[in-house]
Amino acid sequence: MGVLTRPNWRHAVPLLLFLLSLPAVAVAQAPSAAELARGKYVFGATGGCGCHTVPKQPANAGGRRYDGPFGTVYSSNITPDKETGIGNWTDEQIITATRLGRRPNGERLIPVHPYTTFNGMAADDLKALVAFLRSVPPVKRQNQPKKITVPMFESVFLPAWLAAFAPRETAPTSVPTTGVARGEYLVRAVGHCGECHTPRTMTMATDNSRFLAGNPKGPEDSEVPNITPDKTTGLQWSEEEIADYLGSGNKPDGDVAGGLMGEVIEGTLSGYKDLTKADRLAIAKYLKTLPPIKNKIGK
Amino acid sequence: MELRLVRTGVILGSLVALTATGCATATKAQMIGTGDPVADRQRLMKNVGANWADIQAKVKAGAPETVAVNAEALSLHAQRIPTLFPAGSLTDKSKAKPDIWQKWPEFEAAAKNLENRAATLRDQAAAKDGAAVTATVANFGREACGTCHTPFRVPPPQQQPAQPRS
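Let me begin by describing the structure that accompanies this report. (Residues numbered from 1 in each chain as written. Chains lettered and ligands numbered in written order. Predicted model: local features only at pLDDT ≥ 70, side-chain atom pairs only at ≥ 80, totals over all residues. Heavy atoms only, no water.)

Helix and strand counts for chain A stand at twelve helices and three strands. Considering chain A as a whole, with its 299 residues, one finds that 47% of them fall into the buried category. Sequence separation of 24 or more characterises 63% of the internal contacts of chain A that already satisfy a separation of 6 or more. (Helix = DSSP H or I, 4+ residues; strand = E, 2+ residues; numbered from the N terminus. Buried < 20%, exposed > 50% of the residue type's maximum accessible area, 1.4 Å probe, protein only. Contact = heavy atoms within 4.5 Å.)

What follows is the structure, encoded as structure tokens:
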């Protein structure tokens, strides 16, 4: 009792100083801060999950419209709002939706969300991405229901298409950190470049035998460039020029990126522009290793 | 006396009218261009691109303080942008999105943004502040050009190599 009623302040001062210094130490060492930064970086490497943001509206709140041959879908609210977003989903449920295209209730996502591509994302990157998604301010915005016009699309066509036609990336056991392997991982899985730059077959699956050879009927009616190193119809920029472009939007001829490419470079909370120079160069190096494919896009 | 006043008035009035007409005609005659807004704006944008490529080359070459003349050209070109997009000026050759006319105040603001940022760049170069020029140039593409290209232009289908430099 005596000790409690008459504390020895001489000993308390160093203890107090120690306690005061704790929060700073905790922030610097907590794995969550590093994890969040990594998640934000992965988020940027996807182009800022930009399909989930209507330009100039709150990030990740969904509601962006996509028209396809099967009908119309609207991107989902992926903010941590508990009612309208993914706040009540477990980490595993979010990862399952991202990679396998299944909602917690088992329902399939329409593959406008490129889950067959994101299936190639490494587990550690996905975990960090989920941690980051949870850190973004929640936005209450009800998801808009899809309008599927093709009969039996979700019950028959979609499962058959996924099984028979859709190419599926496979995840590496650990995240490649350098060189062409890193570039390949960023291009094929995280950056999902093929979703726009690879032509599609009759079934609307990406034609990976012509990977990144350009798409004359890209999203939003755009003609998406061939970025294989073909000498006449492909990308002729140097590795340095490609890396600069991804970081700044600047093209070697003085033009500046726009449209959807402008969007993914800029990103939302982060984008391609936030990739390190080493990663942008790794992407460029990988693009140079692609088989050149002659495919002229545009007149 | 009255008649003379009236006559003077008529002469003066005619002079004013003639001067006004003359000025208007002269202004019109001074407009540079083919009269085809799509061709004119594409030519203007080519020149914007050439100046922007020149600015980046100068910064890379370690001469950021020499970009004032290019930045001035960008700022002046930017002032002309809204006049080169009259309503309905869309052809097969144009890469402009119809959103321009649906969101005209945003489009005008984007052109003004380019004008202002280019003027800032010009002033930094004129003040020989190389560090400031380099910092502005680092984000200029995305923040001065991209903010308009992203919402308002359909991207070109093929990526062009660098222009040969004279």
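There is more to say, and it comes next.
To continue, consider the overall build of chain B. Counting secondary structure elements, chain B contains six helices and zero strands. Listing every helix and strand of chain B by position from the N terminus yields α-α-α-α-α-α. Split into buried and exposed, the 166 residues of chain B put 37% on the buried side. In chain B, the share of contacts with a sequence separation of at least 24, taken over all contacts with a separation of at least 6, comes to 69%. Of the roughly 9,800 Å² of accessible surface on chain B, a fraction of 62% belongs to carbon and sulfur atoms. (Areas by Shrake-Rupley, 256 points an atom, 1.4 Å probe, with all protein chains shown as cover.)

Moving on to the layout of surface pockets. In this approach the atoms are scanned with a rolling probe the size of a water molecule, which exposes any empty space left behind. Taken as a whole, the second largest pocket spans an internal volume of roughly 450 Å³. In terms of lining, the second largest pocket is formed by 18 residues, of which the most central are D244 and N250 of chain A together with Q56, A57 and K60 of chain B. At the level of elements, α10 (239-248) of chain A together with α2 (37-60) and α6 (130-152) of chain B are the ones that each hand at least two residues to the lining of the second largest pocket. For the lining of the second largest pocket, the leading source of residues is α2 of chain B, giving five residues. In terms of residue class, the lining of the second largest pocket is made up of seven nonpolar, five polar and six charged. (1 Å grid on protein atoms, 1.4 Å probe; cavity = no way out; pocket = protein on both sides within 12 Å on 5 of 7 lines; lining within 4 Å. Points joined across faces, edges and corners; volume = space filled by probe spheres on them. Nonpolar A, V, L, I, M, F, W, Y, C, P; charged D, E, K, R; others polar.)

Moving on: the interface of chain B and chain A. Listed by partner, the interface residues are 25 residues for chain B and 34 residues for chain A. Where chain B abuts chain A, roughly 2,400 Å² becomes buried across the two surfaces, and 47% of that area is made up of carbon and sulfur atoms. Contact with chain A buries surface across chain B, with R142, P157 and Q159 of chain B losing the most and accounting together for 30% of the total. In this assembly, chain B and chain A are joined by five salt bridges. (Buried area = accessible area lost by both parts, 1.4 Å probe. Salt bridge = Lys/Arg side-chain N within 4 Å of Asp/Glu carboxyl O.)

The next subject is the environment of F70 of chain A. Residues and elements named next belong to chain A. Its location among the elements puts F70 in the loop between β1 (65-68) and β2 (71-74). Of the residues examined, F70 reaches a relative accessible area of 12% and is grouped as buried. Sequence separation between F70 and I297 is 227 residues; the distance between their C-alpha atoms is 25 Å. Once residues lying within four places of it in the same chain are set aside, the contact partners of F70 are I110, V112, K147, I148, T149, V150 and F153.

Most peptide bonds adopt trans geometry, and most residues besides glycine take a negative phi value. In this model, M204 of chain A sits at a positive phi of 80 degrees, which is unusual for a non-glycine residue. With respect to the helices and strands, the residue M204 of chain A is situated in the loop between α9 (194-197) and α10. In this model, K128 of chain B sits at a positive phi of 60 degrees, which is unusual for a non-glycine residue. Secondary-structure assignment places K128 of chain B in the loop between α5 (104-126) and α6. What makes K128 of chain B exposed here is its relative accessible area of 60%.

This next bit is on a nonpolar patch on the surface. A cluster of nonpolar residues, M152, V156 and F157 of chain A, forms a patch on the protein surface that exposes about 300 Å² of accessible area. If you trace the backbone, M152 of chain A turns up in the loop between β3 (147-148) and α7 (153-164). (Patch = residues over 30% accessible without salt bridge, like charges linked within 9 Å, V, L, I, M, F, W, Y side chains within 5 Å.)

This part takes up the sheet that holds β3 of chain A. Spatial strand order, β1-β2-β3 (chain A): three strands in an open sheet with antiparallel pairing. Taken across any chain shown, the strands that pair with only one partner, and hence form the sheet edges, are β1 and β3 of chain A. (Pairing = 2+ DSSP bridges.)

Once that is clear, we can look at α7 of chain A. All names here are of chain A. The complete set of buried residues in α7 reads F153, L158, W161 and L162. Angular distribution of buried residues about the axis of α7 spans 100 degrees; they occupy a single face of the element. Among the exposed residues of α7, those oriented more than 90 degrees off its buried face are S155, A163 and A164. The inward-facing, buried residues of α7 abut α5 (115-118) and β3. (Arc of directions from axis to C-beta.)

For the rest of this paragraph, the subject is the packing of aromatic side chains. Evaluation of the coordinates by the stated rule reveals eight aromatic pairs over all chains. Members of the aromatic cluster, each reached through a chain of ring pairs, are F85, W101, W104, F107 and F152 of chain B. Seen from the ring of F211 of chain A, R188 of chain A lies directly overhead, with NZ or CZ sitting 4.3 Å from the centre. (Phe/Tyr/Trp six-rings, centres within 6.5 Å; stacked < 30°, edge-to-face > 60°. Lys NZ or Arg CZ within 6 Å of the ring centre and 35° of its normal.)

In this section: the pairing of β1 of chain A. Bridging between β1 of chain A and β2 of chain A involves four bridges; their strand directions are antiparallel. The partner of D67 of chain A across the bridge, within β2 of chain A, is T72 of chain A.

Here we come to the pairing of β2 of chain A. Residue and element names in this part refer to chain A. Of the two faces of β2, the one lined by G71 and V73 and the one lined by T72 and Y74 are each fully buried. Linking β1 to β2, which pair antiparallel, is a turn of two residues. Inspection of the sheet shows β2 paired to β3 by two bridges, in the antiparallel sense. By the bridge assignment, G71 is partnered in β3 with I148.

This part is about the packing of α2 of chain B against α6 of chain B. All names here are of chain B. At their nearest, the axes of α2 and α6 sit 11 Å apart, and the two run at 135 degrees to each other. Judged by the angle between their axes, α2 and α6 are oblique. Considering only the axes of α2 and α6, their crossing is left-handed. Each of W52, I55 and V59 in α2 lies in contact with α6, whose residues at this interface are V133, T134, V137, F140 and G141. Counted by class, the contact of α2 with α6 contains six nonpolar, two polar and no charged residues. (Axes fitted to C-alpha atoms, helices over the stretch in contact; angles between N-to-C directions. Parallel < 35°, antiparallel > 145°, perpendicular 65-115°, else oblique. Left-handed = near helix turned anticlockwise from the far one by under 90°.)

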